[in-house]
Amino acid sequence: MKRIFITGGSGFLGRHLVARLEGAGHTVVAPASRECNLQRADCFAPWRGEKFDVLWHLAAWTQAGDFCLRHPGEQWLHNQQLNTSVLAWWAAEQAQAKLVTIGTSCAYAPDLPLREEHYLEGQPIDSLLTYAMTKRMLCLGLRALEKQYGLRHLTLVPSTLYGPGYHTDGRQLHFIFDLIRKIIRGRTHGEPVVLWGDGTQRRELIHVDDFVGTALRLADGVDNETVNLGCGTEHPIREFAALICAHVGYDPAKIIYDAGRYVGAKSKCLEIGKLRRLLPDFAPLPLERGLPAVIDWMRASGLAAAPSTPQ
Ligand SMILES: NC(=O)c1ccc[n+]([C@@H]2O[C@H](COP(=O)([O-])OP(=O)(O)OC[C@H]3O[C@@H](n4cnc5c(N)ncnc54)[C@H](OP(=O)(O)O)[C@@H]3O)[C@@H](O)[C@H]2O)c1
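Residues numbered from 1 in each chain as written. Predicted model: local features only at pLDDT ≥ 70, side-chain atom pairs only at ≥ 80, totals over all residues.

Asks: Help me out: how do you make sense of the sheet that holds strand E5 (residues 152-158) in this one?
Replies: Paired through backbone hydrogen bonds, the strands of a sheet run either parallel or antiparallel to each other. One open sheet holds the 6 strands; their spatial order is E2-E1-E3-E4-E5-E10, and the pairing between them is parallel. Only two strands of the sheet have a single partner each, and these edge strands are strand E2 (27-29) and strand E10 (225-229). On average, each strand axis in the sheet is tilted by 20 degrees relative to the strand beside it, whichever way the strands run. Taken together, the 5 bridges between strand E4 (residues 98-102) and E5 define a ladder with parallel strand orientation. In the sheet register, lysine 98 faces E5, and the bridge partner there is arginine 152. Relative to E5, helix H4 (residues 129-149) is tilted by about 160 degrees, and along the sheet it contacts E4, E5 and E10. Contacting strand E3 (54-57), E4, E5 and E10, helix H6 (residues 208-221) crosses the sheet at an angle of about 155 degrees to E5. (Pairing = 2+ DSSP bridges. Helix = DSSP H or I, 4+ residues; strand = E, 2+ residues; numbered from the N terminus. Axes fitted to C-alpha atoms, helices over the stretch in contact; angles between N-to-C directions. Contact = placed C-beta atoms within 7 Å.)

Asks: Even after reading the chapter, I still don't get the domain arrangement of the protein, so can you show me in this structure?
Replies: Accessible area lost upon the coming together of the parts is a frequently used measure of interface size. Here the protein is partitioned into domain 1 (3-160 + 205-229) and domain 2 (169-203 + 234-268 + 288-303). Put simply, the middle of domain 1 and the middle of domain 2, counted by C-alpha atoms, are 28 Å apart. Tallied by class, the residues present in the side of domain 1 that touches domain 2 amount to 5 nonpolar, 6 polar and 1 charged. (Domains from an automatic or database assignment. Nonpolar A, V, L, I, M, F, W, Y, C, P; charged D, E, K, R; others polar.)

Asks: Teacher, can you tell me more about the site of the ligand here?
Replies: Residues in close proximity to the ligand total 25 residues, the closest being Gly11, Leu13, Ala32, Ser33 and Ala60. For the shell around the ligand, the secondary structure elements donating two or more residues are helix H1 (12-23) and strand E6 (160-162). In terms of residue count, the dominant contributor to the shell around the ligand is H1 (3 residues). Residue composition of the shell around the ligand, by class: 13 nonpolar, 12 polar and no charged. (Near = placed C-beta within 6 Å.)

Asks: Help me understand the packing of helix H5 (residues 175-189) against helix H7 (residues 237-248) in this model?
Replies: Each pair of packed helices gets described by two things: the angle between the helix axes and the distance between those axes. One can describe the packing of H5 onto H7 by two numbers: an axis separation of 10 Å at closest approach and a directional angle of 40 degrees. It follows that H5 is oblique to H7 by the angle criterion. For the crossing formed where H5 meets H7, the hand is right-handed. Here Ile176, Leu179, Ile180, Ile183, Ile184 and Arg187 of H5 lie close against H7, whose contacting residues are Phe240, Ala241, Ile244, Cys245 and Val248. Here the residues of the contact of H5 with H7 sort into 10 nonpolar, no polar and 1 charged. (Parallel < 35°, antiparallel > 145°, perpendicular 65-115°, else oblique. Left-handed = near helix turned anticlockwise from the far one by under 90°.)

Asks: Sorry, what's going on with H1 here?
Replies: Since one α-helical turn is 3.6 residues long, residues separated by three or four positions face the same way. Compared with an ideal rise of 1.5 Å per residue, which puts 12 residues at 16 Å, H1 spans 17 Å between its outermost C-alpha atoms and is within 8% of the ideal. Within the span of H1, buried status applies to Leu13, Gly14, His16, Leu17, Val18 and Leu21. In the segment just after H1, glycine 25 is the residue with positive phi, at about 95 degrees. (Expected span 1.5 Å × (residues − 1). Buried ≥ 20, exposed ≤ 12 C-beta atoms within 10 Å, placed from the backbone.)

Asks: Looking at this structure, how should I read unusual backbone geometry?
Replies: If a residue is not glycine, its phi is most likely negative; likewise, a peptide bond is most likely trans. In the Ramachandran plot, asparagine 224 falls in the positive-phi region, its phi being about 60 degrees despite a non-glycine side chain. Counting through the fold element by element, asparagine 224 comes out in the loop between H6 and E10.

Asks: I tried to follow the nonpolar core on my own but got confused; where do I start?
Replies: Soluble globular proteins tend to pack their nonpolar side chains together in the buried interior. One finds Leu179, Ile180, Ile183, Ala241 and Ile244 to be the most contacted residues of the largest nonpolar core, which totals 85 residues. Examining the composition of this core, we find that 7 residues originate from one element, H5, more than from any other. Counting only domains with at least three residues in this core, you end up with domain 1 (3-160 + 205-229) and domain 2 (169-203 + 234-268 + 288-303). Discounting chain neighbours no more than four positions away, the residues touching isoleucine 244 are Leu179, Ile180, Ile183, Leu291 and Ile295. (Core = buried A, V, L, I, M, F, W, Y, C linked by C-beta atoms within 7 Å.)

Asks: What is the right way to look at the pairing of E4 in this model?
Replies: For a regular strand, the rule is simple: side chains alternate between the two faces of the sheet. By the criterion of burial, E4 is predominantly enclosed, with 5 of the 5 residues buried. Here E4 shows no split at all, with Lys98, Val100 and Ile102 on one side and Leu99 and Thr101 on the other all buried. The pairing of E3 with E4 spans 4 bridges and is parallel. Looking at the pairing, tryptophan 56 lines up with valine 100 of E4. Traced from E4 through H4 to E5, the parallel crossover comes out right-handed. (Right-handed = clockwise from strand over helix to strand, strands pointing away.)

Structure, rendered in structure tokens:
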């Protein structure tokens, strides 16, 4: 059994990771930001003298929708501070541990294949540039510390995660949760369902349980690599909407597409050849099987009770 430290353990992905690791019998330390604020230089003081086998660095300050567009300066400072805190602690006090970090598909330049060797090349899209570059800087930091001190690390780059247990605190939602909420409210409150863009923009999802299970396998066996972790297939927003409508009982023909609104990248699909070479039996849950439980969770969570935030 391992001793594992997790930053961002109170987040969406973090809660699923913590549950899985604890369920497997590992000792997990996963402080929330109020117990370990990574913007503070002394944040790891409570664990001085303790040694961990694996550090999972999940913490990041971001949200979906146009959040990055509206907070580039704060995002730069916040994410650089928290990444630097973790890298410094790893190098100074946890050099025996492997550091697993989470990247972002936004770090890829849209005109290059979304393949690992291009993660640090070209220009990410402008609206997500600051967030993307802080993730690239984290990756460079890992490589620099590996080079100088021989430390072990792994960067996992997810597509958008979905699953039950998303935040219900009123923040901007990732597109899939926002879609579900709007369609549930269209059905239950008769609200018009207005989706941003013309519906042809394509997105890729991975179920959070698939991500966690696969990430744990990769963390066990793969050192000093960047690995994309998505399903490798994307779908137009209209297709997601049709699946949700079928489960909720809403007529997809009633959906209004607002082509004048911000939609981000037109297409974003990770190439997962490397993942398939590392784990040939990787078989992610198909959307048709993953979505219904998330829709049912959203109904029960009350998340669809509040009107949609614009996104
Ligand atoms: N969700 C996705 O679809 C997705 C896709 C690609 C990449 N990622 C990456 O995956 C990771 C996890 O994502 P997520 O969706 O689980 O994020 P999340 O739900 O927003 O959670 C963010 C976590 O970061 C912590 N955090 C923020 N500022 C902190 C600070 N100053 N000190 C300590 N902790 C701080 C938060 O702690 P508190 O809540 O305690 O403040 C929270 O636990 C992130 O690195 C994200 O960039 C996520």
